[in-house]
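Letter by letter, the chains look like this.
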There are 2 protein chains.
Amino acid sequence: MDKLFVVKIGGNVIENSAKLESFLQDFTALKGFKILIHGGGKKATEMADKLNIPVQMIEGRRITNEDNLDVITMMYGGKINKNIVAKLQALNCNAIGLSGADGNSISAVKRSVKDIDYGFVGDITEINLNLFLLLLENALTPVCCAISHDKNGQLLNTNADTIASAIAKSLSNYFEVSLWYCFEKNGVLGSISDEQSVIELINPKTYDNLKSKGIVNLGMIPKIDNCFDALQNGVKMVKIGSPKMINVNEAHTTLIL
Amino acid sequence: MDKLFVVKIGGNVIENSAKLESFLQDFTALKGFKILIHGGGKKATEMADKLNIPVQMIEGRRITNEDNLDVITMMYGGKINKNIVAKLQALNCNAIGLSGADGNSISAVKRSVKDIDYGFVGDITEINLNLFLLLLENALTPVCCAISHDKNGQLLNTNADTIASAIAKSLSNYFEVSLWYCFEKNGVLGSISDEQSVIELINPKTYDNLKSKGIVNLGMIPKIDNCFDALQNGVKMVKIGSPKMINVNEAHTTLIL
């Protein structure tokens, strides 16, 4: 099977133009099929502030009312996505930007209200496999922003980590898929205060051990659970690390079954 | 040859959600291949005002500095484009939004500075025929915003009328192309103050006559010149009128050779 890299970048790359440029060069140099997924939450918050639109976060999650959704659509779907695509084109990577509405690439349902009303937030129901296959087979590189749609005309703010994992899983029957999460740390750390303490390999057994010792806790648990879910659903390998892990032997965490 | 409709909508449709909804229903009902092109200048100006970014217009043309380009990328490429695409998806039209950078669909060069420095404004050099053919052949409907790119990472603000005409011409070897300009009038008017005075048919001979009598003048001359240029380069038919002309026998102006 051909290799496919599904790479998710977070805010710390997007916000720094030198880091972004360097990352995009490394991404372009990856040999194989590839898909890029990005968010841009901090940039969206900055724009909301400029427009005097209040931003409400609950447990790190954005409450997405109509005004906030507009800001997200402008920033994720517009400014950030189009500039990444233009920069990739300059590197001879034939990128094509997508929201979930474009080509019906990512369908979702608006999250139902239980304790908290998250507003226009989507939980993914379907990845349009045929669209991604069509684009990849024609040497196009999809660049997906963190927006889905409900097929009834409503755009929905959707977690970029989850989009990356859903796309990776859905394509795993067709490609040997590697899913790479690039974030602000060098990987899963043995000691939170020591950037050099990267845990190189985690499998379900060592993960249990790390959790029982309290080394992996809080926000990292859902992140790693999400990675194992991808591995259990056909994804070959998951990596967590800094954007630099892409092309050099930079320290990072590899997760396997 | 199969029919292809290249339809350009202006600000007056985009700014009014009821008009837009009605137009998109008519557009979806068109039988044949289709491409939609939109601008959104007034919405971009409103957003620039909210962000305290000065907008400078010279002879109806926007001077596009970096801040204005950002606003255009947010509005044309983001908010307007993604909402149109989501609304078309709800109508079962498999739309895919594109800036000129996406799939390298529209290349351009930054306009050289002569008397006036227009800033980040692009003059089209190439339409990516293969991309449009790929999308159309796979039942996707491209929705293009008024942005091109220079292949070196720079997005460029580009006139939507010109994009529509360039796309229509480039596809005329493969389809029987109709190019429709929807704007705020019912067509080319015999008397500017009378919306009922639509001139139904204009050919080069009657056009000369209309110009010599001063009936067609000012801003309409470059618009109509642009239409005849399209006709002379393979486009089968050009129509100018209100968005309603699409599906009913509403008055409009047809231009033919």
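About the criteria used
- Every residue gets a number counted from 1 within its own chain, in the order that chain's sequence is written.
- Whichever chain is written first becomes A and whichever ligand is written first becomes 1, with later ones labelled in order.
- For a predicted model such as this one, the threshold for reporting local features is a pLDDT of at least 70, and the threshold for listing and counting side-chain atom pairs is 80 or more; totals across whole chains, interfaces and linings nevertheless cover every residue.
- Helix numbering and strand numbering both begin at the N terminus, where a helix is a DSSP run of H or I of at least 4 residues and a strand a DSSP run of E of at least 2.
- With the radius of gyration taken over C-alpha atoms, the globule rule is written as 2.2 Å times the number of residues to the power 0.38.
- Whether two residues are in contact depends on their C-beta atoms, placed from the backbone: they are in contact if these lie within 7 Å.
- Strand pairing requires that DSSP identify at least two bridges connecting the strands.
- Three exposure classes are used. Buried residues have 20 or more other C-beta atoms within 10 Å of their own C-beta, exposed residues have 12 or fewer, and partly exposed residues fall in between, all C-beta atoms being placed from the backbone.
- When residues are sorted by character, Ala, Val, Leu, Ile, Met, Phe, Trp, Tyr, Cys and Pro go into the nonpolar class, Asp, Glu, Lys and Arg into the charged class, and all the rest, Gly among them, into the polar class.

Comments concerning the overall build of chain A
Per the secondary structure count, chain A includes 8 helices and 14 strands. In terms of C-alpha radius of gyration, chain A reaches 18 Å, essentially the compact-globule figure of 18 Å for 257 residues. Principal-axis analysis of the C-alpha atoms places the extent of chain A at approximately 45 × 45 × 35 Å. Put simply, 71% of the contacts in chain A that link residues at least 6 apart link residues at least 24 apart.

A few points about the sheet that holds strand 11 (residues 176-182) of chain A
All names here are of chain A. Strand order in the open sheet made by the 8 strands is 5-8-2-1-11-13-14-12, with mixed pairing throughout. In this open sheet, the two edge strands, each paired with only one partner strand, are strand 5 (95-98) and strand 12 (201-202). Across 3 bridges, the pairing between strand 2 (residues 33-38) and strand 8 (residues 141-145) is parallel. Each residue of the ladder has a partner; that of Leu-36, found in strand 8, is Val-143.

Regarding the sheet that holds strand 8 (residues 141-145) of chain B
The strand order 5-8-2-1-11-13-14-12 (chain B) describes an open sheet built from 8 strands, whose pairing is mixed. Looking along the sheet, the strands with just one partner apiece sit at the ends: strand 5 (95-98) and strand 12 (201-202) of chain B.

Section: the pairing of strand 1 (residues 3-9) of chain B
Residues and elements named next belong to chain B. Buried residues dominate strand 1, accounting for 6 of its 7 residues. Across 7 bridges, the pairing between strand 1 and strand 11 (residues 176-182) is parallel. Among the inter-strand pairings, Phe-5 is bridged to a residue of strand 11, identified as Ser-178. Bridge analysis of strand 1 against strand 2 (residues 33-38) gives 6 bridges, and the strand direction is parallel.

As for the environment of Asn16(B)
All names here are of chain B. Among the structural elements, Asn-16 can be located in the loop between helix 1 (11-14) and helix 2 (17-29). The exposure class of Asn-16 is partly exposed, given the 13 C-beta atoms found within 10 Å. Taking the C-alpha atoms as reference points, Asn-16 and Val-113, separated by 97 residues in sequence, lie 36 Å from one another.

Topic: the interface of chain A and chain B
Size of an interface: often given as the accessible area lost when the parts come together. Every contact between the two is made by 34 residues of chain A and, on the other side, 34 residues of chain B. Among the elements of the structure, helix 4 (66-90), strand 5 and strand 9 (147-149) of chain A are those that each provide at least two residues to the side of chain A that touches chain B. If you tally residues by element for the side of chain A that touches chain B, the top one is helix 4 of chain A, at 14 residues. Looking at side-chain class alone, the side of chain A that touches chain B contains 12 nonpolar, 15 polar and 7 charged residues.

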